[in-house]
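One-letter residues, chain by chain:
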Amino acid sequence: MTSEKPEDAAAVERELERIVAEAEAKLAEVRRELTERRRQDAQHAEIDRLEEHLANATVRWEEVRSFFDDVLTQLRRREDREDRGDLPE
């Protein structure tokens, strides 16, 4: 049998609840910090790959330019054929 008084037990319980709440708040803070660090690490990794991204973008712009050059060439050929009467209007 314990010799604790009911008010002492209630005080201990309140103190334990306070400790648990404090621990949970700290844990949430640590999780937020970890999430932020992971986000920053991912961002830094992408920055480290910036040269690669720029190279890919350049290649893609060259492909776009090539596509438009092909379109213009085909349109000009079509206009030439229309002017010569090779195509029905």
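Notes on the structure follow.

Reading the values: the criteria
- Residues numbered from 1 in each chain as written.
- Predicted model: local features only at pLDDT ≥ 70, side-chain atom pairs only at ≥ 80, totals over all residues.
- Heavy atoms only, no water.
- Helix = DSSP H or I, 4+ residues; strand = E, 2+ residues; numbered from the N terminus.
- Rg over C-alpha atoms; globule rule 2.2 N^0.38 Å.
- Buried < 20%, exposed > 50% of the residue type's maximum accessible area, 1.4 Å probe, protein only.
- Areas by Shrake-Rupley, 256 points an atom, 1.4 Å probe, with all protein chains shown as cover.
- Lys, Arg positive; Asp, Glu negative; His and termini not counted.
- Charge placed at Lys NZ, Arg CZ, Asp CG, Glu CD.
- Salt bridge = Lys/Arg side-chain N within 4 Å of Asp/Glu carboxyl O.
- Expected span 1.5 Å × (residues − 1).

For the rest of this paragraph, the subject is the overall build of the chain. Counting its secondary structure elements, the chain contains two helices and zero strands. Computed over the C-alpha atoms, the radius of gyration of the chain is 36 Å, more than 25% above the 12 Å expected from 2.2 N^0.38 for a compact globule of 89 residues. Dimensions of the chain, computed from C-alpha atoms along their principal axes, come out at roughly 110 × 35 × 15 Å. When burial is assessed residue by residue, the chain has 0% of its 89 residues classed as buried. As displayed, the chain offers around 8,700 Å² of accessible surface, 53% of which is attributable to carbon and sulfur atoms. Measuring between centres, the 17 positive side-chain charges of the chain sit 1 Å from its 26 negative side-chain charges.

Turning next to the pattern of salt bridges. For the structure on display, the rule yields seven salt bridges. Of the charged contacts, one joins Arg18 and Glu15 as a salt bridge, the two residues approaching to 2.5 Å between their closest N and O atoms. Of this pair, Arg18 and Glu15 are both found in helix H1 (residues 6-48), three residues apart, which corresponds to roughly one turn of the helix. Judged by its relative accessible area of 36%, Glu15 falls in the partly exposed class. Residue Glu33 pairs with Arg37 through a salt bridge whose shortest N-O separation is 2.9 Å. One end of the pair, Glu33, and the other, Arg37, are both in helix H1, four residues apart, so they sit about a helical turn from each other.

Next up on the list: helix H2 (residues 50-84). Between its first and last C-alpha, H2 extends 51 Å over 35 residues, near the 51 Å set by a 1.5 Å rise per residue. Among the residues trailing H2, Gly85 stands out with phi positive, at a value near 85°.

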